[in-house]
Amino acid sequence: MSETAATGQAATQKHRTGYYIYAIAPADVATTAEARGVGDPPAGVEVIAHDDIAALVSEIPADHALGTPDDFAAHARLVDAAAQEVPILPLRFGAVLPDREAVTEELLAANHDEFADALQHLDGRAEFIVKGRYDEQAILREVLAENRTAEQLRAAIAGAPEDATRNERIQLGELMTQAVAAKREQDTAALVKALAPLGYDGVIREPTHERDAVYVAYLVDTDGRDRFRETVEDWAERQRGRIDVRLLGPVAAYDFVGTAQPGS
Amino acid sequence: MTVQPSGGGGALNRPDASGLADVIDTILDKGLVIDAYVRVALVGIELLTIDARVVIASVDTYLRFAEAVNRLDLTENQQKGLPDLVGDINQGAAKSRTKGALDAAGEKLGNLLDAAPEREDARRERRRTQ
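Residues numbered from 1 in each chain as written. Chains lettered and ligands numbered in written order. Predicted model: local features only at pLDDT ≥ 70, side-chain atom pairs only at ≥ 80, totals over all residues. Heavy atoms only, no water.

**Side note on the sheet that holds strand S9 (residues 243–251) of chain A**
At step 1: Spatial ordering of the open sheet is given by S7(A)-S8(A)-S6(A)-S9(A)-S1(B), a layout of five strands whose pairing is mixed. Strands at the two margins of the open sheet, each flanked by one partner only, are strand S7 (202–204) of chain A together with strand S1 (12–13) of chain B.
At step 2: Across two bridges, S9(A) lies against S1(B) in parallel orientation. Considered in S1(B), the bridge of Arg246(A) is made with Asn13(B).
At step 3: Running at roughly 20° to strand S8 (residues 212–221) of chain A, helix H8 (residues 166–195) of chain A makes contact with strand S6 (125–134), S7, S8 and S9 of chain A of the sheet.
At step 4: Strand contacts of helix H9 (residues 225–238) of chain A: S6, S8 and S9 of chain A together with S1 of chain B, with the helix running at about 165° to S9(A), the strand carrying the most contacts. (Pairing = 2+ DSSP bridges. Helix = DSSP H or I, 4+ residues; strand = E, 2+ residues; numbered from the N terminus. Contact = heavy atoms within 4.5 Å. Axes fitted to C-alpha atoms, helices over the stretch in contact; angles between N-to-C directions.)

Below is the structure:
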């Protein structure tokens, strides 16, 4: 633990609560009295300011684990709502500091210039996420049509008992996995290329599902949102029936913030 | 999972709110990280949830893919007579399967998480005794 906590006299109290951090924001960020954060019952949300930057926090019991779906939703809702109003540096879920001094000194003061620069960079921008998943039937048919071995394996297992064709099934599945991965790479490259003329930064995310086709986050100007949406729509139209494309956002710029080194 | 197409039935879905799976992808993997030592209170749960989400190519995945291929109705390709009808049905079925899988993932995660506080307590107990 930090030296602050080790200094002693109020140690018991310090162990009872912690400060859950949602985001860094400009100091003039406002929270409503109704704002609810993580925990059960949901904790209130407050602003701890230092100079011209601030942290959005909840004081939470330190001996309660977080991580229910409600906690995730609360974190995302609060951060994204704030990001509609002001530039926001969203924190990854799960950051807790022991006390207010740690929030002010170790987080805000120690990283002030970096945070202030990052907030300025994010002003007037928001993140959009393009997420596409292959239609199962469409992608399997596509691979079978292109891959002779896959088609042969399909024919071998068709109508045969599962136990008797286990090896063929594993081979076919492995082949499919590889083929889908190759298509994911191609389609991601195609999407990135289609959006490249708009000139926005993009971050390719790791797939979180075996049929994920594209998963790319973009940092988009407020002025450019419509054109960005239209371009994604055009691309989605060309993939209709093959890839189910969704556009998430605007959300806080989760993919465009880095790591903060806590000061001492 | 609420997926509501907007803008007049285009190919692009623009959900009003992110589903749990989307939220988890974002807030557990992305966002500003403060040095690890201040995150200890929650680290057990975080690892657990990330484990549940990583795509790992395993024999199970392979067998699932193979079974999906085995279930494919290939008659559609041979009988060009009723492609529209069959196409619609297949598409509908595929869509609902996708959603079902997502919901199931969310539920599974929920179950894991319900069980998680105990693990967290256990970890803490170990830490105390060290």
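Don't stop here, the text continues.
**A look at the side chain of Thr177(A)**
At step 1: Tracing the chain through its elements places Thr177(A) in helix H8.
At step 2: Polar contacts involving the side chain of Thr177(A) include one to the main-chain carbonyl oxygen of Gly173(A), which spans 2.8 Å.
At step 3: Leave out the neighbours within four places in its chain, and Thr177(A) touches Ala57(B), Tyr62(B) and Phe65(B). (Polar contact = N/O pair within 3.5 Å; in protein donor to acceptor, adjacent residues only side chain to side chain.)

**Section: unusual backbone geometry**
Residues and elements named next belong to chain A.
At step 1: Omega for the bond connecting aspartate 40 with proline 41 falls within 30 degrees of zero, at 0°, which places this linkage in the cis form.
At step 2: Look at the link from glycine 249 to proline 250: it is a cis peptide, with omega at 5°.
At step 3: For proline 250, the location among the structural elements is in strand S9.
At step 4: Its identity is not glycine, yet aspartate 51 carries a phi of approximately 60°, on the positive side.
At step 5: Here aspartate 51 falls in the exposed class, since its relative accessible area comes to 60%. (Buried < 20%, exposed > 50% of the residue type's maximum accessible area, 1.4 Å probe, protein only.)

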